[in-house]
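# Topology and contacts: notes
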Amino acid sequence: YDITPEISAYASYTDIFNPQSEVDSTHARLPSAQGKSYEAGLKTEWLGKRLYATAALFKSEQFGLAEFEGTFPDGKSYYTGLDTFVQGYELEVAGRITDQWTVAGGWTGLEITDKDGADVRGYLPRQTLKLTTTYTIPELNDFKLGGAVRWQSGIYVQDIGLIPQPSYAVVDLLAGARIVDRLRATINLRNVGNEKYL
């Protein structure tokens, strides 16, 4: 629904039906996970439609979702069905500040709990941040410089014991230029800080 020429509101509902291949402790295949998902938000346009920004709230319920429970003597895993409840929000921005400068970014925050309100699925980060930007200089053979930052909050995996992964950020850089018509050369540097993570 268009609230103003620059701001629109939306909402969605989805039924979830997800077949699963995991087995339980008796080697029986888990039934399909089922549930519902809801989302509502705002979409906006700024600077003559050169910059877009969105904000959204989401919520989902999934019943019988496969969750690791243990391992058989042969080392293969078995699972149990877990009811999970997710709620969170997401903020995004993307577009061109000028004809040469582009930006994009997003922040997500969420929580995942079981039916008793206990924190579950700890291997999924609860907060994530993504930022990217590029700047182009047309006069220098369309020379382009860019960078990106990806950050996530700490996670954990429950195996024989608790295995934590602290929060971390990864930085990527790029540079490129037009060599001749229809041919560009680009250099991408991933994880320039050599950040180590699981």
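Our subject is the structure that appears above.
Worth saying up front: this structure is predicted, and the values here are computed from it rather than measured. (Residues numbered from 1 in each chain as written. Predicted model: local features only at pLDDT ≥ 70, side-chain atom pairs only at ≥ 80, totals over all residues. Heavy atoms only, no water.)

A word on the overall build of the protein. Broken down by element type, the protein carries zero helices and 11 strands. Compactness check: the protein gives a C-alpha radius of gyration of 22 Å against a globular reference of 16 Å for 198 residues, more than 25% above the reference. In terms of its C-alpha atoms, the protein occupies a principal-axis envelope of roughly 65 × 45 × 30 Å. The buried share among the 198 residues of the protein stands at 24%. Accessible surface, the protein as shown: approximately 13100 Å² in total, 58% of it carbon and sulfur. The centroid of the 19 positive side-chain charges in the protein is displaced by 8 Å from the centroid of its 25 negative side-chain charges. (Helix = DSSP H or I, 4+ residues; strand = E, 2+ residues; numbered from the N terminus. Rg over C-alpha atoms; globule rule 2.2 N^0.38 Å. Buried < 20%, exposed > 50% of the residue type's maximum accessible area, 1.4 Å probe, protein only. Areas by Shrake-Rupley, 256 points an atom, 1.4 Å probe, with all protein chains shown as cover. Lys, Arg positive; Asp, Glu negative; His and termini not counted. Charge placed at Lys NZ, Arg CZ, Asp CG, Glu CD.)

This part takes up a nonpolar patch on the surface. A contiguous nonpolar surface patch, about 440 Å² in accessible area, is contributed by Tyr123, Leu124, Val157, Ile163 and Leu198. With respect to the element layout, leucine 198 can be found in the segment after strand 11 (183-189). (Patch = residues over 30% accessible without salt bridge, like charges linked within 9 Å, V, L, I, M, F, W, Y side chains within 5 Å. Salt bridge = Lys/Arg side-chain N within 4 Å of Asp/Glu carboxyl O.)

Here we take up the sheet that holds strand 3 (residues 51-71). Taken in spatial order, the nine strands make up an open sheet running 1-2-3-4-5-6-7-10-11, and their pairing is antiparallel. In this open sheet, the two strands that pair with only one neighbour each are strand 1 (7-18) and strand 11. Each strand of the sheet is rotated relative to its neighbour by a mean of 15°, with strand direction disregarded. Strand direction decides the pairing type here: strand 7 (residues 143-152) and strand 10 (residues 168-180), joined by nine bridges, are antiparallel. Within strand 10, the position partnered with tryptophan 151 by the bridge is alanine 169. (Pairing = 2+ DSSP bridges. Axes fitted to C-alpha atoms, helices over the stretch in contact; angles between N-to-C directions.)

Glancing now at the packing of aromatic side chains. A complete count under the given rule lists six aromatic pairs for this structure. Aromatic pair tyrosine 13 and tyrosine 38: ring centres 5.4 Å apart, planes at 55°, arrangement tilted. Of this pair, tyrosine 13 sits in strand 1 while tyrosine 38 sits in strand 2 (residues 33-46), placing them 25 residues apart in sequence. Between phenylalanine 63 and phenylalanine 85, the ring centres sit 5.9 Å apart and the planes meet at 80°, which makes this aromatic pair edge-to-face. Pair noted here: phenylalanine 63 is in strand 3 and phenylalanine 85 is in strand 4 (residues 77-96), with a separation of 22 residues, a long-range link. On the basis of relative accessibility, which here comes to 36%, the residue phenylalanine 63 falls in the partly exposed class. Relative accessible area serves as the criterion here: at 26%, phenylalanine 85 is assigned to the partly exposed category. (Phe/Tyr/Trp six-rings, centres within 6.5 Å; stacked < 30°, edge-to-face > 60°.)

Note that threonine 134 resides in strand 6 (residues 127-137). Overall, the relative accessible area of 18% leaves threonine 134 in the buried class. For threonine 134, the side chain forms a polar contact with the side chain of threonine 102, separated by 2.4 Å. Those residues in contact with threonine 134 that sit more than four places away from it in its chain are Gln100, Trp101, Thr102, Lys144, Leu145 and Gly146. (Polar contact = N/O pair within 3.5 Å; in protein donor to acceptor, adjacent residues only side chain to side chain. Contact = heavy atoms within 4.5 Å.)

What you tend to see is this: most non-glycine residues have negative phi, and most peptide bonds are trans. At aspartate 142, a residue that is not glycine, the phi angle is positive and equals roughly 55°. The residue aspartate 142 is located in the loop between strand 6 and strand 7 in this model.

Once that is clear, we can look at the pattern of salt bridges. Scanning the model with the defined rule gives five salt bridges in all. Several salt bridges converge on common partners, so that one network encompasses Arg150, Asp172 and Arg190.

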